[in-house]
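# Architecture at a glance
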Amino acid sequence: LPWLFASSSKRAALEGAKVGGLYAVGYVMQAAALARGFPAANAAFVCSLQCVVVALMAPGRPAARTMVGIALAIGGVACLELLGNGGGGGADRCRRSGRR
């Protein structure tokens, strides 16, 4: 693990550790939710919003094109993950009907 100590600065290493810790907490929470019966399609939707959260956490006000990208990301993921019978997306419906 020599690369672990070769970061550009101590601050960069600490910030990276914070991000890694939050990422690990996210995985643990996702696994806990799935173990308790939370629908997988909904879990995938929530977890896919990671890029949206990162864009919104950036310092300053997001640019208009960033807001358009956020809206498109949320809409696209919602179409893929949340539409259909019982939360299943289009791929689930195709599998149930025998089509691929």
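Here we summarise the structure given alongside this text. (Residues numbered from 1 in each chain as written. Predicted model: local features only at pLDDT ≥ 70, side-chain atom pairs only at ≥ 80, totals over all residues. Heavy atoms only, no water.)

Under the counting rule described, the total for this entry stands at one salt bridge. Between Glu 15 and Lys 18 there is a salt bridge, with its nearest N and O atoms 3.4 Å apart. Residue Glu 15 and its partner Lys 18 are both found in helix H1 (residues 10-35); the two are separated by three residues, about one turn of the helix. (Salt bridge = Lys/Arg side-chain N within 4 Å of Asp/Glu carboxyl O. Helix = DSSP H or I, 4+ residues; strand = E, 2+ residues; numbered from the N terminus.)

Now for H1. For H1, with 26 residues, the first-to-last C-alpha span of 37 Å sits near the 38 Å given by 1.5 Å per residue. Positioned one or two residues after H1, Gly 37 has a phi angle of 95 degrees, which is positive. (Expected span 1.5 Å × (residues − 1).)

The N-to-C vectors of helix H3 (residues 50-57) and helix H4 (residues 64-81) enclose an angle of 160 degrees; their axes lie 10 Å apart at closest approach. Here H3 lies roughly antiparallel to H4, going by the angle between them. Judged by the sense of rotation from one axis to the other, the crossing of H3 with H4 is left-handed. The residues of H4 that touch H3, namely those facing Val 52, Ala 55 and Leu 56, are Thr 66, Met 67, Ile 70, Ala 73 and Ile 74. A per-class count over the contact of H3 with H4 returns seven nonpolar, one polar and no charged. (Axes fitted to C-alpha atoms, helices over the stretch in contact; angles between N-to-C directions. Parallel < 35°, antiparallel > 145°, perpendicular 65-115°, else oblique. Left-handed = near helix turned anticlockwise from the far one by under 90°. Contact = heavy atoms within 4.5 Å. Nonpolar A, V, L, I, M, F, W, Y, C, P; charged D, E, K, R; others polar.)

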